[in-house]
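What follows is each chain in one-letter form.
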Amino acid sequence: MIEFQMPSLGADMEAGTLIEWRKKPGDAVKRGDIIAEVETQKGLIEIEVFDEGIIGELLIKEGTKVPVGTVMALINPTETTLETRKETISEKPTVKIQPTEEKIVEKATAEKFEERHIKVSPLAKRIATENNIDLSQIQGTGEDGSITKDDVEKAISQKAKIEKKEEKSLPKNLAIRSAIAAAMSKSNTDIPHYYLEKRIDITKALAWLREANSKRPIQKRLLPAALLIKAVAKSLIDFPELNAIWDNEVQIKKEINIGFVVSLRGGGVIIPAIHKASEKSIDEIMEALNDMIPRARAMKLRSSDLSDSTITITSLGEGGADVVFGVIYPPQVAIIGFGGSSQQPFAENGMLGIRTVFTVTLAGDHRATDGLIGSDFLVTLNKQLQNPEAL
Amino acid sequence: MNEDEIKKLVFQLLKQIAPDTEPSTLKPDENIRDTLDIDSFDSLQFLVSLDEKLGIEIPEQDYGKITTLKNLVDYILGKIK
C-alpha cells in the first residue's frame, strides 16, 4: 500500500486545505493524474500522484486543513494489482456500489429526499436541484412543514453568502505575502549568502533572437527569458554544486529544474519550475513558459509545477533596475538575477562600442559553495550567451 | 473597422491581460506598457490576441511603432486598410 501524502510545494508551505477529491476508491491512477485540489497560500493547486495503482481509501475529508506530510489516501500499487485482480472480481460489487451511491448524494438530492416522505412542492424541488441545494438541510415553513419555493430561495441566498464569505477570508495576495515572508525570513536567517555580479554583452544573443523571430509566426515567437533559461541550464551542467539543495549538507540534484520568478499583478511572486531545462530546446522552454505563466498569474498551478526546483532565476526585463541580487529560495543553494538591459559604452579588444548590456548576478549559499565556483559559473554563462546559435 | 471599434477591441484585450487596470483611461500618448504595468510576456500575449482577432501580424521590428494608444490604433488602421 502506498501512502499518498500532502505534498510540500516549497519550503514556505506548512499545510494545505483539501478542497476536493478528484478520485474515489476503486479508481485507477497513473503518474501525473490529478487526485485532489488543495488550497494553499499559492492558490488552488491541482495535486498529482506519482505512483500507479488503484485508490484504496481516502483518509481526509474535503474541507480539512492538514500539515505537509499527512497521509491523505492509500493507493494499492500496480504491481500487486495483477495478483489482486482475482480478489477484486469478487469484491467488484462493493467497488461498483460506492460511486453509484455518491452519484445519488451529489446529483439527485431531491429524489433521495422524496424517498424519505418529506413534503416539498414540485417548483421548490426543481429550484433546489438546479441550484444544488440539499433539501434535507432545509426546515420547511409551508403546510405540514413542507418545503416551499421561498424556503429554497432562502437557502440559496444563504449558501451564496457563505461562499462569498469563504472567498473573502482568503485574500490571495495577503496569503502569498505571508508565504514569501516565511520563506525569505528563513533564507536570510539560515543562509550565509555571497554575491557576485558580471556585466554581459547580449547584443549578439538579442540579434540571434530577432533573426529567429522574424521567421516565425507571432504565436511561436521567443522571448529573451527562454534563451536565458536555456543558457543557465546548459551552464549548470558544468557546475552541479550550484544545482543542489542544502539539508545539513549539500545534496547535488541530477535534474536541472529551473524555478522562474513570475511576478503577480497586485504584488507577490510565484515560482513555477521548468523541469529538466537542460534537456529542453529553447522552443520547448518557451512553450513551458507560455503554459505556466498565465496559469501562475491566474493562480491555477499543478503540484508538479511548484515541485523540485533546484535553482531559481529572477529577471527584471527591459527598462527595470540595472542589477538584482536575489534572496535564495530554501532549500536551494543559488539564485541567478538578470538586471534590465540597456545600451552602454562597452570596451572589448581595445575597441569601444555601443552594445546592449545587462548585469547578471549570482547569490550563492556559502555553506554549499565558494565564490570561485560562482565566478566560474558566470564566466561560463557569458560564453554561452556569446554563442546563442549553439544553445 | 473604424477607429472607435479598434479602440474598443484594444481596451477589451488589454483588460484581459491586466484585469486590475482600466485601459479606457489611457491617454493617447501614454506608453501603454508602462502605464498599465505590462511585462514582455503579457505584451506578447496581447499581440497574439490582436493577431487572432484582426489577422494582422506585427513583426518584431515594428514593436517600437505601437507603444502608445494613438500609435497602435494608427498602425492597425494602416494594416487593415
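Within an unreviewed UniProt entry, the label attached to chain B reads Acyl carrier protein, and the organism entered is Flavobacterium soyangense.

An unreviewed UniProt entry annotates chain A as Dihydrolipoamide acetyltransferase component of pyruvate dehydrogenase complex of Flavobacterium soyangense. Recorded in UniProt under Subunit (unreviewed entry), the annotation for chain A is "Forms a 24-polypeptide structural core with octahedral symmetry." UniProt, in its Cofactor (unreviewed entry) section for chain A, records the words "(R)-lipoate".

A.B. asks: I'm lost on the environment of Lys8(B) in this one. Help?
C.D. replies: One can find Lys8(B) in helix α1 (residues 3-17). Distance in space between the C-alpha atoms of Lys8(B) and Ser24(B) is 8.2 Å, their sequence separation being 16 residues.

A.B. asks: Just to check I follow, could you spell out unusual backbone geometry for this structure?
C.D. replies: Glycine aside, the phi torsion of most residues is negative, and most peptide linkages are trans. Residues and elements named next belong to chain A. Residue Pro331 follows Pro330 across a cis peptide bond; omega there is 5°. In this structure, Met299 takes a positive phi of about 55° despite not being glycine. The residue Met299 is located in the loop between α8 (282-297) and β16 (311-315) in this model. In this structure Met299 comes out as buried when scored by relative accessible area, which is 7%.

A.B. asks: Sorry, what's going on with the environment of Ile252(A) here?
C.D. replies: By secondary structure assignment, the location of Ile252(A) is in strand β11 (residues 250-252). With residues near it in sequence (within four places) discarded, Ile252(A) still touches Pro240(A), Glu241(A), Asn243(A) and Ala244(A).

Basis of the calculations
Residues numbered from 1 in each chain as written. Chains lettered and ligands numbered in written order. Predicted model: local features only at pLDDT ≥ 70, side-chain atom pairs only at ≥ 80, totals over all residues. Heavy atoms only, no water. UniProt positions renumbered as here; feature names shortened; annotations may be inferred. Helix = DSSP H or I, 4+ residues; strand = E, 2+ residues; numbered from the N terminus. Buried < 20%, exposed > 50% of the residue type's maximum accessible area, 1.4 Å probe, protein only. Contact = heavy atoms within 4.5 Å.

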